[in-house]
Amino acid sequence: MANSATRAAHSRPVRLIAGVFLGLILIVAIAVIVVWLAVKPRKLVYTIESGSIQNFNLTNNRLNATFNFELRAYNPNSKVSIYYDKIETRVLYDDTTLAFDNVEPFYQPRRNVTHLGLNFVAKNAELFPGIAKNMRVDKNSREVELEVHVKAKIRFKLGSVKNHRTLRLLCAPLVVHFSSSRNFERTPCDVDL
Ligand SMILES: *[C@@H]1O[C@H](CO)[C@@H](O)[C@H](O)[C@H]1NC(C)=O
Ligand SMILES: *[C@@H]1O[C@H](CO)[C@@H](O)[C@H](O)[C@H]1NC(C)=O
Ligand SMILES: *[C@@H]1O[C@H](CO)[C@@H](O)[C@H](O)[C@H]1NC(C)=O
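These numbers come from a predicted model, not from an experiment.

## What to know about the overall build of the protein chain
In step 1: From N to C terminus, the protein chain includes two helices and nine strands.
In step 2: Ordering the α and β elements of the protein chain from the N terminus gives α-β-β-β-β-β-β-α-β-β-β.
In step 3: Taken against the 2.2 N^0.38 rule, which gives 16 Å for 193 residues, the C-alpha radius of gyration of the protein chain at 26 Å runs more than 25% over that of a compact globule.
In step 4: Seen through its C-alpha atoms, the protein chain measures out along the principal axes to roughly 95 × 35 × 20 Å.
In step 5: Within the protein chain, buried positions represent 35% of all 193 residues.
In step 6: A fraction of 68% describes how many contacts in the protein chain between residues 6 or more apart in sequence connect residues 24 or more apart.
In step 7: When the accessible surface of the protein chain is totalled, it reaches about 12,100 Å², and 55% of it is carbon and sulfur.
In step 8: Positive and negative side-chain charges in the protein chain, numbering 27 and 16 respectively, have mean positions lying 14 Å apart.

Here it is in structure tokens:
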């Protein structure tokens, strides 16, 4: 009897401290959510501004070529900045990946436009015969339809609060001309966050 009374006396302050602690955590969590909703990030905007092909050689269903694109990233938010921690990009033709490019991590301030150069080098990339045939037809018609896919690990930063997300972009169709004198038509990217 005396024993359990002592135990109760001991556990009361412990329970009190734990309760206060949990309460504080809850309050902070609610505050973060409220602030986050109040400055709900505006949609990020990505477009491919230019595209070109160099050193194209398709021989025996093997492809050597360099594809250059300029990706424009627009962060319209006046309170949220973005860390791009890891950026993987690839260029595709007819659902076939031709080449990869990894972009250096960077920090994008609030209300900022950043232009990124994507340089894809296809080195002796093997194509299915049917796909190589389509590409030869496109080469003869002087333009080819490509896709750029981007997968990035990002963090939104609002004050000292950071929020990890995965950003996926699908930029298509990118109509790229073999002759550099033809203008590239700016193409918006679908954003999946
Ligand atoms: C393309 O590559 C093949 C094989 O490497 C080579 O024989 C040919 O001369 C190249 N063509 C051009 C236009 O560079
Ligand atoms: C691509 O370039 C490599 C050398 O970098 C060469 O060995 C190969 O034959 C080329 N292939 C084509 C299709 O031009
Ligand atoms: C966007 O941010 C980058 C990196 O801080 C900076 O170099 C660039 O000048 C900024 N661009 C604009 C339009 O503010």
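On we go.
## Remarks on the pairing of strand 9 (residues 187-192)
In step 1: Inspection of the sheet shows strand 1 (residues 45-59) paired to strand 9 by two bridges, in the antiparallel sense. Within strand 9, the residue paired with Ile 48 across the bridge is Thr 187.
In step 2: In this structure, strand 8 (residues 161-177) lies alongside strand 9, joined through four bridges in antiparallel fashion. Bridging across to strand 9, Leu 170 finds its partner in Asp 190.

## What about the pairing of strand 3 (residues 81-93)?
In step 1: Looking at chain direction, strand 3 and strand 7 (residues 143-158) are connected through 11 bridges and run antiparallel. Bridging from a neighbouring strand, Ser 81 pairs with Lys 157 of strand 7.
In step 2: Taken together, the three bridges between strand 3 and strand 5 (residues 106-108) define a ladder with antiparallel strand orientation. Each bridged residue has a counterpart across the sheet, and for Tyr 84 the counterpart in strand 5 is Phe 106.
In step 3: Pairing analysis gives seven bridges linking strand 3 to strand 4 (residues 96-103), with the strands arranged antiparallel. Considered in strand 4, the bridge of Leu 92 is made with Thr 97.
In step 4: Between strand 3 and strand 4, which follow one another and run antiparallel, lie two residues, and Asp 94 among them has a positive phi close to 55°.

## Here's the deal with the site of ligand 3
In step 1: Taken together, the residues surrounding ligand 3 are Pro 109, Asn 112, Val 113 and Thr 114.
In step 2: Contact between ligand 3 and Asn 112: an oxygen atom at 2.4 Å from a side-chain N or O atom of the residue.
In step 3: Val 113 is positioned with one of its backbone polar atoms (N or O) 3.3 Å from a nitrogen atom of ligand 3.
In step 4: About the coverage of ligand 3: the protein hides 35% of its 370 Å² of free accessible area.

Cut-off values and rules
- Residues numbered from 1 in each chain as written.
- Chains lettered and ligands numbered in written order.
- Predicted model: local features only at pLDDT ≥ 70, side-chain atom pairs only at ≥ 80, totals over all residues.
- Heavy atoms only, no water.
- Helix = DSSP H or I, 4+ residues; strand = E, 2+ residues; numbered from the N terminus.
- Rg over C-alpha atoms; globule rule 2.2 N^0.38 Å.
- Buried < 20%, exposed > 50% of the residue type's maximum accessible area, 1.4 Å probe, protein only.
- Contact = heavy atoms within 4.5 Å.
- Areas by Shrake-Rupley, 256 points an atom, 1.4 Å probe, with all protein chains shown as cover.
- Lys, Arg positive; Asp, Glu negative; His and termini not counted.
- Charge placed at Lys NZ, Arg CZ, Asp CG, Glu CD.
- Pairing = 2+ DSSP bridges.
- Near = heavy atom within 4 Å.
- Polar contact = N/O pair within 3.5 Å; in protein donor to acceptor, adjacent residues only side chain to side chain.

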